[in-house]
Every structure is written in structure tokens, then in C-alpha cells.
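# Per-entry structural report
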Amino acid sequence: MAFFSTRRLFAACANRAVVYAQHGDPATVLTALSYRPLPPPAKNTLNVRFLLAPINPADINVIEGVYPAKPELRHDLAPSGLGSNETPAFVGGNEGLAQVTEVGEGVQGLKDGDWVIMTKPQVGTWCTGRNVGMDDVEKVPRVEGLSEVHAATMTVNPPTAYNMLQDYLRLEEGDWVVQNGANSAVGQAVIQIAASRGLKTLNFVRPRDNLQHLVKQLGDLGATKVLTYDALSDKSLRKDIKEWTGGKMARLLGNDAHLVSYGAMSKQPLSLPTSLFIFKNLTCHGFWQSRWYKNSVRGDRVRVMQILANLISQGKLKEPAYEIVTISPKDSDEEAGQKVRDVIAKAVGGRQGKKTLLKFDTN
């Protein structure tokens, strides 16, 4: 019997995925797995190679097993062991930019070399490549200024920001939007999309040592005001907000306001005083981009993507601050898995301030 290192195995297999066989702490359950080249695509399917795949907060919740959307177990990654019928595995990742490498019979509107993003949730994007159905992807409009980072991150955060600003209230130029977590990827998209529409934003962030740098960064994106949560306990804040907003938001939210919640990483309940509902007619909503994709028709998805692409081409929607973690062919599966576990550990802390993207290098 011959034994091979995972470096030699990857050279023969050419593909790699970040997988887990059971839910739990990502720092414990995640591992890398080499798998063989994809077979030719079946009818109405295509093979794609992932160029970049983000690590989003929801991805961590999925791995932990506390997220409502569940990925499918894969048993086609290996003939035996992990990723086979013996021990099926999940492939991590919900979002990513892929390039079409081969199309099957019946596929229309897509060809080799096209950029696509996933519209089917939890398809498993933390991998070199995979086979997907033609209805599970959308072609990325190639406009001037659109980078790989833009395209890889335009499925979740920018449409979340756009839809929250669009779907609940008819906002007019000069209206105010208040948000917390303003330096998150969604928060930065809210600032930029709001600014493109002439909306003003009041943005709250955590206190930090480099606060002035962050304030300038968000201001450059179009933020009107940036404050820390400490300011909420300052009695002068009410006066300041009344002055900034012309009296519209003496206590942050004015009459007939809408509160939209799109994230729950703290896993803590949202508590609101009854008086806001009775005397200010507050309306609360929960937004989930995955539900929007499920309930929308293809024309709506294409329209939103084109709007975002146009903002990018006009320089009004910039790339999020990011770092790319490259999984090299020279890395063993053990080394590749450790790289991902290390970067996930940073992401769980929530203070890295950058969008992390995985790149599976095959060169």
C-alpha cells in the first residue's frame, strides 16, 4: 500500500474545499479536503471555478448550526472517508464570485469565461470549483470599475443595504437614516447608497483607539455624522440631533419611523419600550436577504444587480475594506485548514474591520 502527502494528493486532485462533517465551533470542526477534477457538466448545469469567496458573519452561524438556512451534505467529494457516503460533509460559504469553465447541454445565456454569482443559498463557495444548476447562478454585468472584490461581495451586503432603504418607506432627498454597526460591510453600503440618493445618515460605531481614522473613512464614503455608542448616554446628544435634523428626530427615531433589523450576531433579544409603538407609531421589520431572493422573481434580482453595478461604475459604491487569504497549491490540507481556522477565529471577534475573502490558487 502506498501513502501520499496531501501536497502530492492536491497536485493530482486539483481541487480543494473547506468542509465540516458536523456543526460546532468553526475553529474546531473546519478542515480542508482535496478532491478530484470535476466531470463534464450534465444537461442544464455548468462547471465553475471560484475566484473569490467572502467569509460573512452568517457563514459562522451556519457552521455553528444556529442559522435557519442549511447547506446540503456532500457525498461526492471523495470515494471514501470524509466527503463520501461514509462521512458526508458540508462545504462552507454562501457567497462568491465564480467563472464559468464549462457549460452543459441546454444552458443558455452563459459561456466559458463569464462571471457568475450564486443565487441559490448555501451552495458551498469555499472551494476551488463545483457543478451548479443554470438557474442557481446569475451572470455578473461587466461594467467599468467592477473588480473581482466588488463582484464577490455583491450578493449579500450591498443588496441588503439597497433593499432596506427601498422596501419599507418612501425616503425623500434630505431624509435621515440612523444605523448602528456603521463600519460593517452592510453599514458602509448603506452610507454610500443613501448618499447617492441624497439621504443623510447618522452612524453609530464602537469606541476604539483609531476612532478619528474610522470617522474620516466613513465620512469619505458619504456619512453625514459618525458617533460612538457612548454618545447615547450624553444628555447633549438630543439637542445635537434636533439641530442636525431640524427637529425631526429628537430621540433618534421620529414619528412614524421604521426600524429594520438585519443581523443578530449577538444572539440577544431586541427590547423596545411600548411607548414608541403607541405614541410614535413605530413599525419594526426583520430583513433577510435570503428570503428576498426566495420570494423575488429573476427580473427583480437582475434589476437590483444592475442598479448596484451602475453605482459601482459611477464610483458611488466602493469595494469594502478587505484582505485576501490565499490557499496555495503548496499548502497541505492540514496547513490550508489551519489558515481558514485562524482567519475564522479573527472574524468571530468581530473587530478585524475588513472583509476577508478566500482565494483558492490553482497555479
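Structural data are supplied above this passage.
Anyway, here's the lowdown on the structure attached to this text. This structure is a prediction, so every number in the text was calculated from the model and none was measured.

What the protein contains, in helices and strands, is 12 helices and 15 strands. Relative to its length of 363 residues, the protein is compact, with a C-alpha radius of gyration of 22 Å against a globular reference of 21 Å. Each principal axis of the C-alpha distribution contributes one length, and for the protein these read about 80 × 40 × 35 Å. Expressed as a percentage of its 363 residues, the buried residues of the protein come to 45%. For the protein, restricting intrachain contacts to residue pairs at least 6 apart in sequence, the fraction spanning at least 24 positions comes to 72%. Only carbon and sulfur atoms are counted for the fraction: they give 51% of the accessible area of the protein, which is about 18500 Å². Computed over 43 positive and 36 negative side-chain charges, the separation of the two mean positions in the protein equals 4 Å.

Once that is clear, we can look at the sheet that holds strand S2 (residues 31-35). A sheet is described by the order of its strands in space; here 3 strands give the open sequence S2-S1-S4, paired in antiparallel fashion. Edge positions in the sheet fall to S2 and strand S4 (90-91), since each has one partner strand and no second. Sheet topology places strand S1 (residues 15-20) next to S4; 2 bridges connect them, and they run antiparallel. Looking across to S4, one finds that Tyr20 is bridged to Phe90.

By the definition in use, this model includes 10 salt bridges. Here Lys216 ties to Asp220 by a salt bridge, and the two come within 2.9 Å at their closest N and O atoms. Taken together, the residues Lys216 and Asp220, both in helix H7 (residues 211-221) and 4 residues apart, mark about one turn of the helix. On the basis of relative accessibility, which here comes to 52%, the residue Asp220 falls in the exposed class.

A few words on the side chain of Thr128. Tracing the sequence through the fold places Thr128 in the loop between strand S6 (115-118) and strand S7 (129-133). Given a relative accessible area of 3%, Thr128 falls into the buried group. Engagement of the side chain of Thr128 in a polar contact is seen with the backbone nitrogen of Arg16, the distance being 2.8 Å. With residues up to four places along the chain from it excluded, the contact list for Thr128 reads Ala14, Asn15, Arg16, Tyr35, Val48, Arg49, Phe50, Phe360 and Thr362.

Once that is clear, we can look at helix H11 (residues 298-313). Each α-helix winds once per 3.6 residues, and so residues spaced three or four apart point in a common direction. If you check H11, its first and last C-alpha atoms are 22 Å apart, about what 16 residues at 1.5 Å a residue would give, namely 22 Å. Of the surrounding secondary structure, the elements contacted by the buried residues of H11 are S6, strand S8 (137-139), helix H4 (148-152), helix H5 (157-167), helix H6 (185-196) and helix H10 (289-295). Gly315 lies just past H11 and shows a positive phi near 75°.

Moving on: H5. Burial runs high along H5: 9 of the 11 residues are buried. Among the residues of H5, Asn157, Pro158, Pro159, Thr160, Ala161, Tyr162, Asn163, Met164 and Leu165 are the ones counted as buried.

Cut-offs applied
- Residues numbered from 1 in each chain as written.
- Predicted model: local features only at pLDDT ≥ 70, side-chain atom pairs only at ≥ 80, totals over all residues.
- Heavy atoms only, no water.
- Helix = DSSP H or I, 4+ residues; strand = E, 2+ residues; numbered from the N terminus.
- Rg over C-alpha atoms; globule rule 2.2 N^0.38 Å.
- Buried < 20%, exposed > 50% of the residue type's maximum accessible area, 1.4 Å probe, protein only.
- Contact = heavy atoms within 4.5 Å.
- Areas by Shrake-Rupley, 256 points an atom, 1.4 Å probe, with all protein chains shown as cover.
- Lys, Arg positive; Asp, Glu negative; His and termini not counted.
- Charge placed at Lys NZ, Arg CZ, Asp CG, Glu CD.
- Pairing = 2+ DSSP bridges.
- Salt bridge = Lys/Arg side-chain N within 4 Å of Asp/Glu carboxyl O.
- Polar contact = N/O pair within 3.5 Å; in protein donor to acceptor, adjacent residues only side chain to side chain.
- Expected span 1.5 Å × (residues − 1).

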